[in-house]
Amino acid sequence: MQTVLVTGGAGFIGANFTLVARRNNWINIINLDKLTYASNLDNLGEIKDDINYHFVQGDIGNIELVSYLLDKYQPQAIINFAAETHVDRSIFSPQSFIQTNVVGTFNLLEATRFYWQKLSLQNQQNFRFIHVSTDEVYGSLKVQDPAFREDTPYAPNSPYAASKAASDHFVRAYYHTYGLPTLTTNCSNNYGPRQFPEKLIPLTILNALDGKPLPIYGDGQNIRDWLYVIDHCEAIYLVLQNGKIGETYNIGGMNEQTNLRVVKKICTILDELAPQSTSYADLITFVADRPGHDWRYAIDCTKISSELGWQPKENFDSGLFKTVQWYLNNSNWVQQVRSGAYQNWLKQNYENRTTK
Ligand code: NAD
Ligand code: TYD
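This structure is a prediction, so every number in the text was calculated from the model and none was measured.

## Focus: unusual backbone geometry
The residue Leu 35 is not glycine, and still its phi comes out positive at about 65°. Residue placement: Leu 35 occurs in the loop between strand S2 (28-33) and strand S3 (53-57). Residue classification places Leu 35 among the partly exposed residues on the basis of a relative accessible area of 27%. Positive phi is not limited to glycine here, since Met 254 has a value of about 50°. Relative to the assigned elements, Met 254 resides in the loop between strand S10 (248-251) and strand S11 (256-258).

## Topic: the pattern of salt bridges
Following the criterion strictly, the structure yields 18 salt bridges and no others. We note a salt bridge from Lys 34 to Asp 59, for which the minimum N-O separation is 3.6 Å. Remark: Asp 59 occurs in the loop between S3 and helix H2 (63-73) and Lys 34 occurs in the loop between S2 and S3; sequence separation between them is 25 residues. Classification of Lys 34 as partly exposed rests on a relative accessible area of 42%. In this structure, the salt-bridge partner of Lys 199 is Glu 198, at a minimum N-O distance of 3.8 Å. Via salt bridges that share partners, Asp 88, Arg 290 and Arg 353 belong to a single interconnected network.

## Things to note about the packing of helix H1 (residues 12-23) against helix H8 (residues 229-242)
With their axes 9 Å apart at the nearest point, H1 and H8 run at an angle of 65° to one another. It follows that H1 is roughly perpendicular to H8 by the angle criterion. Considering how the two elements wind past one another, H1 and H8 form a crossing that is right-handed. The residues of H8 that touch H1, namely those facing Phe 12, Ile 13, Asn 16, Phe 17 and Val 20, are Val 229, Ile 230, His 232, Cys 233, Ile 236 and Tyr 237. Partitioned by chemical class, the residues of the contact of H1 with H8 number 9 nonpolar, 2 polar and no charged.

## Some words on the environment of Cys 233
By secondary structure assignment, the location of Cys 233 is in helix H8. Between the C-alpha atoms of Cys 233 and Asn 16, which are 217 residues apart in sequence, the distance is 7.3 Å. Setting aside chain neighbours within four positions, we find Cys 233 in contact with Ile 13, Asn 16, Phe 17, Val 20 and Trp 26.

Calculation notes
Residues take numbers from 1 onward in each chain, read along the sequence in its written order. Chains and ligands are labelled by the order in which they are written, letters from A for the one and numbers from 1 for the other. Local features in this predicted model are restricted to residues whose pLDDT is 70 or higher, and side-chain atom pairs enter the listing and the counts only when it is 80 or higher, whereas totals over whole chains, interfaces and linings include all residues. The side-chain figures draw on all heavy atoms in the structure; neither hydrogens nor water molecules are used. Counting from the N terminus, the helices are DSSP H or I runs at least four residues long and the strands are E runs at least two residues long. Between buried and exposed lies partly exposed: a residue is buried under 20% and exposed over 50% of the maximum accessible area for its type, with that area taken using a 1.4 Å probe on protein chains only. Should a side-chain nitrogen of Lys or Arg be within 4 Å of a carboxyl oxygen of Asp or Glu, the pair is scored as a salt bridge. A fitted line through C-alpha atoms represents every axis, and for helices the fit uses only the stretch in contact; the resulting angles, taken between N-to-C directions, go from 0 to 180 degrees. Each angle receives one of four descriptions, namely roughly parallel if under 35 degrees, roughly antiparallel if over 145, roughly perpendicular if within 65 to 115, and oblique otherwise. Crossing chirality is assigned from the near helix's rotation relative to the far helix, an anticlockwise turn below a right angle marking it left-handed and a clockwise turn marking it right-handed. In what follows, residue pairs with any heavy atoms lying within 4.5 Å of each other are defined as contacts. Only Asp, Glu, Lys and Arg are considered charged, only Ala, Val, Leu, Ile, Met, Phe, Trp, Tyr, Cys and Pro nonpolar, and every remaining residue, Gly among them, polar.

Pasting the structure below:
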C-alpha cells in the first residue's frame, strides 16, 4: 500500500479525505498540518491510534522539516490540501494567503523536487504530487456562460483566488521544467461534516441554532456549484491512482444553487429537525455585499467523468440533510471551534456590514 504525505489533513477536506482513506485502507498517511485556526485535531480522533497514520505539526513552507519527513517516510505521493482558504479573510488580510498558498506551495515543491531527484528511475515514474485547488482561479461566470473547463483561462478575482492561481502555475511549471509528476485538481465549493463555520453552510447552521441573523451578501442571487466533500475525496483518490501526469482535472457537484436557495433549504431542514416556534427563515438578513464578489461558479466535469469514470454520488437534498444532522449531533465539536478567535472574526466580518 502507498504511503502518502497529506498536507492540511486537519482541515475540512483534508480530514474528511484522511478519514475516508484510512477507513477504506486506501493508503498510509503522514499528515503535515500547521494547525491554524481552521484546523481541528478532533476531526481525526477516530484514527489517532491507527499505526498507518502519523500526525506531524508543521508548515509546508519549512523546507528542512518537509525534507526530513520525505527522507524518513519515503512517501510515493504527496497530496497538498494545506492552504489559507477563506475569501473574506483574504480581503481583510491577504499576507498569510501569499505566505502559505504561494511561498508555502513553492517550498513544498522545492523539497519534493530534491527528494524526487534522488529516487530510482522507477520510483520517480511512480511518484505523484497532487495539488488540490479551486474553481475560483477561473474567475466569475455570467448566467448564460458555459461552465469552467480545464482549458478555461485563469482570471482570479480575490486575493485568495490569485494566491491559488499562483500556486497552480508553480505546480504546472515543476512538471514542465523538472518533469516532477504533478497533477492539479480544481474543485467547486465543498460542503459536509467538519467544515469550519466561517463558510456559508456551517455559518448558517450555527447562527440559526443560536437565533442569530443569517447574513446573505448582496441579493443572494450569486451562484455556487456545491460538491459533497466525500464525493470530492473519492475523485482525488481516483486522480491519485489513474490521473495522467501533468494534467488538471475539474471536479464539481453538478449542482448550481443561488446562495439564498441554499440558506432557505438549510432553514427548512432545521425547521424539521430542530423546530422552534417560528421558522429559521425569519432570521435571513441581507447585508452589504463582499467586495469583488464573483457572480457564478460552475464546473464542467466531462474530463474526469470520461477519463476516470468519476461521478458525484450525493444529491444536494440528501447531502445537505446529512450535513445539518452532523452539526446537530456534534455539539462538542461545535463548542470547541467557537473560540474567542472565532468570535473576533464574526465581529470583524459582520459588525460593520450595513443591513440592507
Ligand atoms: P481548511 O481551511 O478547512 O483547512 C486548511 C488546513 O490547512 C488547516 O488544517 C490548516 O491548519 C492547514 N494549513 C494552513 N496553512 C498551512 C501551512 N502553511 N502548512 C501546513 N498546514 C497548513 O481548507 P479546506 O476547505 O479543507 O480546503 C483544502 C484545500 O481545498 C485548499 O487548498 C483549498 O484551496 C481547496 N478548496 C477548498 C474548497 C472548499 O469549498 N472548502 C473549494 C475548492 C478548493
Ligand atoms: P463561502 O462559503 O465563503 O465560499 P466562497 O466564497 O469560496 O464561494 O461563500 C459561499 C457564497 O456565500 C459566496 O457567494 C458568498 C456567500 N456568503 C454569504 O452570502 N454570506 C456569508 O456570511 C458568507 C460567509 C458567504
